[in-house]
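Architecture at a glance
Each chain is listed here by its residues.
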Amino acid sequence: MKSTRSGSRGQVLDSAAEPSAAKSARQRADGRAAEDQPGQAADDEPAAATGGQPDGALAALAVQYGLRPSAQRPTIGIYLSELARRWNFIMGFATARNVAMYTEAKLGQLWQVLAPLLNAGVYFLIFGVIIKGVSRGVPDFLAFLVTGVFVFSFTQRTFISTSKVITDSLPLIRALKFPRAALPLAYVMIELQQMLLSLAVLFVLVLVEREPITWHWLLVVPAIVLLTMFNAGIGMFAARTGARVNDFAQLLPFLMRTWLYLSGVIYSIQQFVVDHSQHYGWATTLLQVNPAAVYITLVRNALLNTQRESAFGAKPYDQANCYAWAGVNRPTPVPKGWSHAVSQVKNHLPADHPLSQYGSAYCHPTVVSSHLWLLGAGWAVVALLLGFWFFWRKEVFYGRG
Amino acid sequence: MAKPSTGASATLPAPAAGTAEPTVIVDGLHVVYRVYGKGGDRGTAATALFRILGRRTRPTIREVHAIRGMSFVAYRGDAIGIIGRNGSGKSTLLRAIAGLLPPEHGTVYTICDASLLGVNAALMDDLTGERNVVLGCLAMGMTKAEIKTKYAEIVDFSGVAEFINLPMKTYSSGMGSRLRFAIAAAKDYELLLIDEALATGDAEFRVKSHARIDELRNKAGTVFLVAHDLEEVEDTCNRVIWLDRGKIVEQGEDVIAVIDRYIDASGGEKVTRDPVTRKRISAPEPD
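Here the structure is a predicted model, which is why all the values come from computation and not from measurement.

Okay, the overall build of chain A next. When helices and strands are counted, chain A shows 19 helices and one strand. Out of the 401 residues belonging to chain A, those deemed buried represent 42%. At a minimum sequence separation of 6, the contacts of chain A that also span at least 24 residues come to 79%.

Take the overall build of chain B next. Looking only at helices and strands, chain B features eight helices and ten strands. Of the contacts made within chain B by residues no fewer than 6 positions apart, 71% connect residues no fewer than 24 positions apart.

Residue and element names in this part refer to chain B. At Arg245, a residue that is not glycine, the phi angle is positive and equals roughly 45°. Locating Arg245 in the fold gives a position in the loop between β9 (239-244) and β10 (247-252). Taking the number of C-beta atoms within 10 Å as the measure of exposure, Arg245 has 15 and is therefore partly exposed.

Another aspect to go through is the nonpolar core. Judged by nonpolar contacts, the single largest core of 177 residues is most densely connected at Tyr295 of chain A together with Ile97, Leu193, Leu225 and Val240 of chain B. Looking at which domains feed residues into this core, each of domain 1 (1-39 + 53-72) and domain 2 (76-260 + 368-393) of chain A gives three or more. Non-local contacts of Leu225 of chain B, meaning those with residues more than four positions away in its chain, are made with Ala79, Gly81, Ile82, Ile194, Val233, Thr236 and Cys237 of chain B.

For the rest of this paragraph, the subject is the confidence of the model for chain B. All names here are of chain B. The predicted model of chain B has a mean per-residue pLDDT of 76, with 79% of residues at 70 or higher. Confidence, read as mean pLDDT per element, is least for strand β6 (residues 115-118) in chain B (69) and greatest for β9 (89). Scored below 50 in pLDDT, residues 1-18 shows 38 contacts in the model against residues more than four places distant or in partner chains. Across the assembled chains, the prediction reports ipTM 0.70 with pTM 0.76.

Within strand β5 (residues 105-110) of chain B, six of the six residues are buried, which leaves the element mostly enclosed by the surrounding structure. Where strand β1 (residues 68-69) of chain A and β5 of chain B come together, two bridges link them in antiparallel fashion. Within β5 of chain B, the position partnered with Arg68 of chain A by the bridge is Thr110 of chain B.

Every α-helical turn comprises 3.6 residues, leaving residues that sit three or four positions apart pointing alike. Along its 22 residues, helix α6 (residues 141-162) of chain A runs 31 Å from first to last C-alpha, staying within 8% of the 32 Å computed at 1.5 Å per residue. Ser153 of chain A marks the point of greatest bend in α6 of chain A, at about 25°.

Looking now at the pairing of β10 of chain B. Residues and elements named next belong to chain B. Pairing of β9 with β10 involves five bridges; the strand directions are antiparallel. Paired with Ile241 across the two strands is Gln251, which belongs to β10. With antiparallel pairing between neighbouring strands as the criterion, β9 and β10 make up a hairpin whose turn holds two residues, including Arg245 at a positive phi of roughly 45°.

Quick look at the confidence of the model for chain A now. All names here are of chain A. Put simply, chain A has an average pLDDT of 77, and 80% of its residues get 70 or more. Mean pLDDT across the elements of chain A ranges from a minimum in helix α1 (residues 20-35), with 41, to a maximum in helix α10 (residues 220-244), with 94. Confidence over residues 1-55 falls short of pLDDT 50; this stretch has 99 contacts with residues more than four positions distant or in other chains.

Let's shift gears to the packing of helix α14 (residues 291-303) of chain A against helix α19 (residues 369-393) of chain A. Residue and element names in this part refer to chain A. The N-to-C vectors of α14 and α19 enclose an angle of 125°; their axes lie 9 Å apart at closest approach. Taken together, the axes of α14 and α19 lie oblique to each other. Handedness of the crossing formed by α14 with α19: left-handed. Where α14 abuts α19, its residues Pro291, Val294, Tyr295, Thr297, Leu298 and Asn301 lie against Ser369, Leu372, Leu375, Gly376 and Trp379. Of the residues contributing to the contact of α14 with α19, the split by class is seven nonpolar, four polar and no charged.

All names here are of chain B. Counting buried positions over the nine residues of helix α2 (residues 90-98) gives nine, a clear majority of the element. Turning to α2, its buried residues number three or more, namely Lys90, Ser91, Thr92, Leu93, Leu94, Arg95, Ala96, Ile97 and Ala98. With its phi angle positive at about 80°, Gly99 sits one or two positions after the end of α2.

Before going further, it helps to examine the packing of helix α5 (residues 111-130) of chain A against α6 of chain A. Residues and elements named next belong to chain A. α6 packs onto α5 with a crossing angle of 130° between their chain directions and a minimal axis gap of 9 Å. Taken together, the axes of α5 and α6 are oblique relative to one another. Crossing handedness for the pair α5 and α6: right-handed. Taken together, the residues of α6 that come into contact with α5 (itself represented by Pro116, Asn119, Ala120, Tyr123, Phe124, Phe127 and Gly128) are Phe141, Leu142, Leu145, Val146, Val149, Phe150 and Ser153.

Residues and elements named next belong to chain B. Inspection of the secondary structure puts Phe72 in strand β3 (residues 72-75). A count of 22 C-beta atoms within 10 Å places Phe72 in the buried class. Residues Phe72 and Val26 lie 46 residues apart in sequence; the distance between their C-alpha atoms is 5.2 Å.

Residue placement: Thr95 of chain A occurs in helix α4 (residues 87-101). Note: C-alpha distance between Thr95 of chain A and Ala186 of chain A (91 residues apart in sequence) is 8.8 Å.

Right, let's get into the environment of Asn246 of chain A. Tracing the sequence through the fold places Asn246 of chain A in the loop between α10 and α11 (247-262). Put simply, Asn246 of chain A and Val113 of chain A are 133 residues apart on the chain and 31 Å apart in space, counted from C-alpha to C-alpha.

Each value, and the rule that gives it
- Sequence order as written defines the numbering, with residues in each chain counted from 1.
- Each chain is given a letter, starting from A, and each ligand a number, starting from 1, according to the order in which they appear as written.
- Local features in a predicted model are, by the rule used here, given only for residues with pLDDT of at least 70; side-chain atom pairs are given and counted only at 80 or more, and totals for whole chains, interfaces and linings are based on all residues.
- A run of H or I in DSSP becomes a helix once it reaches four residues, and a run of E becomes a strand once it reaches two; helices and strands are each numbered from the N terminus.
- Once C-beta atoms are placed from the backbone, each residue is buried if 20 or more other C-beta atoms lie within 10 Å of its own, exposed if 12 or fewer, and partly exposed for counts between those two.
- Contact between two residues is assigned when their C-beta atoms, built from the backbone, lie within 7 Å.
- Any nonpolar core is a set of buried residues, restricted to Ala, Val, Leu, Ile, Met, Phe, Trp, Tyr and Cys, that join up through C-beta atoms within 7 Å.
- For the purposes of this description, domain bounds are those given by an automatic or database domain assignment.
- Summary of the metric used: pLDDT quantifies the predictor's per-residue confidence within the range 0 to 100.
- Being paired, for any two strands, means DSSP has found at least two bridges between them.
- Given the number of residues in a helix, its expected span is that number minus one, multiplied by 1.5 Å.
- A residue's bend is given by the angle between axes fitted to the 7 residues ending at it and the 7 residues starting at it.
- Between the N-to-C directions of two axes lies an angle of 0 to 180 degrees, each axis being a line fitted to C-alpha atoms and, for a helix, fitted only over the stretch in contact.
- Angle categories: roughly parallel below 35 degrees, roughly antiparallel above 145, roughly perpendicular from 65 to 115, and oblique for all the rest.
- Put simply, a crossing is left-handed when the front helix is turned counterclockwise from the back one by less than a right angle, and right-handed when it is turned clockwise.
- Gly is put with the polar residues, along with every residue not named as nonpolar or charged; the nonpolar set is Ala, Val, Leu, Ile, Met, Phe, Trp, Tyr, Cys and Pro, and the charged set is Asp, Glu, Lys and Arg.

So, in structure tokens, the structure goes:
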């Protein structure tokens, strides 16, 4: 590092013919450069890259003619407006990638629909047919499961693909200058297109299952909008992390699988919460606040009648009905109507009585269905703002090395 | 700048003394690449474990000091050739000017965003040429209407003709770089950085691209040209910077003199010049 600057001194051969101001500026700068040894290795962000303190004659010349450091991170405002100008690029890039992804396959674009179907089929085979235990307390298990799988895979695929977006697009990054956030956002748009196709499949499936069409279906739209905002946030987080730490991509599949099992994709979180809330209240609250679980539940409540009516808090609180539904042993003090509730559940098994199907509606744990929209909006805004800020901080460094 | 010089540079417009407007100022620039993985550490599980246990921070990072202190000023209307051996920092310098590589120390000041044309700058290999044209233009910030008007011109200029509907990975390297040049040159720049982009083209394309570079320069731009083909530098540039191991060895407006000294120093084949015009009499094959 030391003594590396001396080379620039005295090697300007043709300065005699230059404008005198520039000439003296250059000579002074060379002299300064030779004396001014770089003191310490800049660790993360050298002062020059952040604008720093322009000093010396060359810097003065730059200021005089309005030149700006080329590797300077733009302010958030400028960055956002540049990004907005690239909206067509983001969408065009997403569409082109989507098309290119399946060009080698014989079935081509059909895979966009087939992939989520097969995915749901595998989970149904294992958790709906082979291991029947998880479908306990869930009416309409197939629709329940497929909704969960589709919504979760939107987040999962976004996370995994954006963690590689910078490495994938190195040639583009090194060739053209544009706000890099366009790249993770484009990948989110790719996954959104995939999600919309999955939704179409889902609508058909739900209709086949004789689910009634209601106005509640429209709530899918705001739910997906919030989920997309959330995914854009974590996508930008993953893009920076994946670009800076190569090990992240190795770790991610395991993280995602853990998240999958924690988010109630293949089992009912409601059942789980009631079973364990007496002893692990904080853990069951965390489980419900978990963003993936929030968005999955929002979409399920919008689409599936059974889910909406059995959601926590859908009916006024009734301890007897709630406990009887959850199969809790006789609580003390005994709530009003306990023996009636128990006899109803016991006499009408398996699962054809309203109480055994929708009893969870009488339970009111920490998080009930009316909280879900607030939680969903909160997660979306927080993730988007933090993710964007986190990504923008290292804008200049993407594609380095 | 206004020095009456001989040879190629005499035909180029030089800004009048005193009014020269700087477009690029490189001020004490240092660029360091960090290479992960290779070197020292053999990358086995055991060494990684010991490293983590010993709390040593990533010894596998090797630093490559690609540019070791450079300062110069480029002016409006300049065409600057950058010469030097492989690995002397030519391409790195261009990337730093384009703002694609952050400096370790020092600063590069530019009048506006620069555009870099390079052979390695493949855009999206698995997409068709057509999509590459559209996406490249969009990424440069052009509107859809602008692209519509420029599209035919770009395809025409690149000369890839009916191959435009095939994925770019099926292109020959010459076709690929022609299309990339055509895309990047579709916009008028104040600052154009060309990294060997012209080397792969055929004779006809070279003529076209030279014309385009001249046109860009006449629109009050500044052009940087990295080339191993020294004759190209002589023909196109009014200034030349000779780099070696990340430092400036020599820079000057007497392009031919600098190039001759460079050829001497690097042990290349001597060029025989006409004593009056200083044009090459028998040009050696470009390396």
